[in-house]
Amino acid sequence: MKNKLLIICLIPLVFAVSTGFIVSLLTQRQADIAADTSETYSPPTSETEKTSSTEDDSEPDEEYKGITDPDTLISCIVTVDPEPFEFPSKADKTQLMQIAFWCVLQSGKDENYDFSQKCMLIPQSEVEKMYRSLFGNTKMPQPENLDFQGVTFTYDKKDKTYNVPITGITSRYTAKTVEEKKNGNKLVFLTEYIPKSNWTQTRDGEIVAPEAQKTMSITLKKGNNNLLSVYSVKKE
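First things first, this report covers the structure right here in the doc. (Residues numbered from 1 in each chain as written. Predicted model: local features only at pLDDT ≥ 70, side-chain atom pairs only at ≥ 80, totals over all residues. Heavy atoms only, no water.)

Right, let's talk about helix α4 (residues 70–80) for a bit. The element α4 is largely enclosed, with a buried count of ten among its eleven residues. Every buried residue of α4 is accounted for by Pro70, Asp71, Thr72, Leu73, Ile74, Cys76, Ile77, Val78, Thr79 and Val80. Once α4 ends, the next one or two residues include Asp81, with phi positive near 55 degrees. (Buried < 20%, exposed > 50% of the residue type's maximum accessible area, 1.4 Å probe, protein only. Helix = DSSP H or I, 4+ residues; strand = E, 2+ residues; numbered from the N terminus.)

It is worth spelling out the pattern of salt bridges at this point. For the structure on display, the rule yields three salt bridges. One salt bridge connects Asp81 with Lys214, and the closest N-O pair in it is separated by 2.8 Å. You can see Asp81 sitting in the loop between α4 and α5 (93–105) and its partner Lys214 sitting in strand β11 (residues 214–222), a full 133 residues away along the chain. On the accessibility criterion, Asp81 (11% relative accessible area) is buried. In this structure, Lys181 and Glu179 form a salt bridge, with 3.5 Å as the shortest nitrogen-oxygen distance. Look at Glu179 and you get partly exposed, because its relative accessible area is 31%. (Salt bridge = Lys/Arg side-chain N within 4 Å of Asp/Glu carboxyl O.)

On to the packing of aromatic side chains. One pass over the full model with this rule turns up seven aromatic pairs. Between Phe101 and Phe153 the ring centres are 4.6 Å apart and the planes differ by 10 degrees, which places this aromatic pair in the stacked class. A residue pair is termed long-range when its members are at least 10 positions apart, and Phe101 in helix α5 and Phe153 in strand β5 (residues 151–156) qualify at 52 residues. Relative accessible area serves as the criterion here: at 2%, Phe153 is assigned to the buried category. A centroid spacing of 5.1 Å and a plane angle of 50 degrees characterise the contact between Tyr155 and Tyr162, whose relative ring orientation is tilted. Residues Tyr155 and Tyr162 agree in their burial class; the two are buried. Counting every residue linked through ring pairs, the aromatic cluster contains Phe101, Phe153, Tyr155 and Tyr162. Above the ring of Tyr231, the side-chain terminus of Lys186 is found at 4.8 Å from the ring centroid. (Phe/Tyr/Trp six-rings, centres within 6.5 Å; stacked < 30°, edge-to-face > 60°. Lys NZ or Arg CZ within 6 Å of the ring centre and 35° of its normal.)

In structure tokens:
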């Protein structure tokens with residue numbers, strides 16, 4: 001994964017990568033919507049989830065099948081572009097919730113979700129479980145609408161779901177890992193934030209990325225079953 005640059009080889013897709021991701025999730029099951037029955041999602045009941053009112057940096061919930069691929073988690077962090085933090089308890093909790101939300105979107109579980117009025121319905125419990133998997137007992141914000149670059153994921157209090165509209169969502173950066181270090185169960189990734197704009201193409205058809213906007217040190221922790229949690233995001 002060292003020196004790995006996640007780029008899309010076709011220029012039109014470079015500028016619409018996030019749009020294609022959301023639309024592909026939603027359209028994948030369009031043909032099955034009519035035949036699907038609503039699934040029942042129970043609220044969090046584990047002892048770890050019941051401690052949402054406490055704030056500390058204890059170990060994350062490893063019973064939930066969260067993220068095991070560092071590239072996926074780093075991509076979600078770079079997409080949200082949170083303010084730097086030394087521990088999750090020091091971070092902006094809304095930004096942490098946004099990271100958890102994006103991880104749910106990229107977890108490949110969209111076939112389990114229902115659809116209504118051109119929106120994908122993501123259970124509140126799914127987002128909260130992902131949050132616990134990534135950030136342990138770090139205080140969780142109350143459920144509410146999540147705004148991301150002009151797009152709102154509306155929270156439905158009655159059904160306890162987040163409604164994801166079929167709308168193009170473009171993050172500002174693509175992640176490029178330029179160095180990786182391991183320290184015990186911690187994985188440290190020196191990550192460049194490459195702007196999504198100003199990509200060029202040579203006469204030979206080669207895609208050329210712009211200069212990195214900034215470089216951050218992203219530290220992840222590996223737990224049981226290779227599940228990853230977020231430890232820190234720091235400036236370089």
